[in-house]
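Here are the chains, one letter per residue:
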Amino acid sequence: MRIGLGYDVHKLVEGRPLIMGGVNIPHEKGLLGHSDADVLIHAIMDGMLGALALGDIGKHFPDTDEEYKGADSMKLLKCVNDLINEKGYVVNNIDSIIIAQAPKMAPHIQSMRKNIADVLNTSIDNISVKATTEEGLGFTGTKQGISAQSICLLNKK
C-alpha cells in the first residue's frame, strides 16, 4: 500500500474554457496553462505519481514540450494510470478537494467523479471530489485562480 499527495494551482483568465475533472464548466474565465489546465486532474495525477516516488506531472508531461500544448488532462490521467498499473499498483481510493470562490462546483461533482472513475477503471465509490471556497480570502477567494488538493491510496495488484 502506498499513499501520495497532490496539489495544483492555475490562474483564472479570460478567453479560456474552465475544465474541471474533465467537465467543461460554464464560466466567464478559464484556467491558464500549457494543457487544458484541469487543476483537479493535475492534483490527482501528482498524488498518484508521488505515491510511487515517480516525480510529478512536470517531469512526465513538461510544459516545454509542444506535444502537451492544449492536452486533455483526462488522457494524461490515463497515461499515469497505465504507468502505475505497469509498476504493479492500482488505485484503492482518491480523496480530492477543489478550492474556488466561483463558479459553484457542486452541480458538476458527480460528473467529475464518474469521469475520473471511468479513466481509472474503478468504482465511482472510490473517487471523492469535494469543493470549498476560502470565504473571499487569498488568491482563490479573490477569484484570481483555482487550486486543488488530492490524496491517493494505491494497492499492490
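Please refer to the structure placed before this passage.
Residues numbered from 1 in each chain as written. Predicted model: local features only at pLDDT ≥ 70, side-chain atom pairs only at ≥ 80, totals over all residues. Heavy atoms only, no water.

A. Layout of the packing of aromatic side chains. As enumerated under the stated definition, the model contains one aromatic pair in all. With 5.3 Å between their ring centres and 80° between their planes, Phe-61 and Tyr-68 make a pair best called edge-to-face. Per residue, the accessibility class of Phe-61 equals that of Tyr-68, and both read buried. (Phe/Tyr/Trp six-rings, centres within 6.5 Å; stacked < 30°, edge-to-face > 60°. Buried < 20%, exposed > 50% of the residue type's maximum accessible area, 1.4 Å probe, protein only.)

B. Main features of the nonpolar core. If you look at the biggest cluster of nonpolar residues, it comprises 46 residues, and the most contacted ones within it are Met-20, Met-48, Leu-77, Ile-98, Met-112, Ile-116 and Ile-146. Breaking this core down by element, the ones donating at least two residues are β2 (18–20), β3 (23–25), α1 (39–51), α3 (73–86), β5 (89–99), α4 (109–120), β6 (127–132) and β7 (145–156). Take this core: its biggest share by element is nine residues, from α1. (Core = buried A, V, L, I, M, F, W, Y, C linked by side-chain atoms within 4.5 Å. Helix = DSSP H or I, 4+ residues; strand = E, 2+ residues; numbered from the N terminus.)

C. Fine view of the sheet that holds strand β1 (residues 2–13). Strand order across the open sheet formed by five strands is β4-β1-β7-β5-β6, with mixed pairing between neighbours. The open sheet terminates on both sides in strands that have one partner only, identified here as β4 (30–31) and β6. Bridge analysis of β1 against β7 gives 10 bridges, and the strand direction is antiparallel. The partner of Gly-4 across the bridge, within β7, is Cys-152. In the packing of α1 onto the sheet, the strands contacted are β1, β4, β5, β6 and β7, and the crossing angle to β1 comes to about 155°. Across the sheet, α4 lies against β5 and β6, angled at about 145° from β6, the strand it touches most. (Pairing = 2+ DSSP bridges. Contact = heavy atoms within 4.5 Å. Axes fitted to C-alpha atoms, helices over the stretch in contact; angles between N-to-C directions.)

D. Inspection of the layout of surface pockets at higher detail. Taken as a whole, the largest pocket encloses approximately 230 Å³ of empty space. For the largest pocket, the lining is made up of 14 residues, of which Ser-35, His-42, Ile-57, Phe-61 and Asp-63 are closest to its centre. Every element with two or more residues in the lining of the largest pocket is listed here: β1, α1 and α2 (57–60). (1 Å grid on protein atoms, 1.4 Å probe; cavity = no way out; pocket = protein on both sides within 12 Å on 5 of 7 lines; lining within 4 Å. Points joined across faces, edges and corners; volume = space filled by probe spheres on them.)

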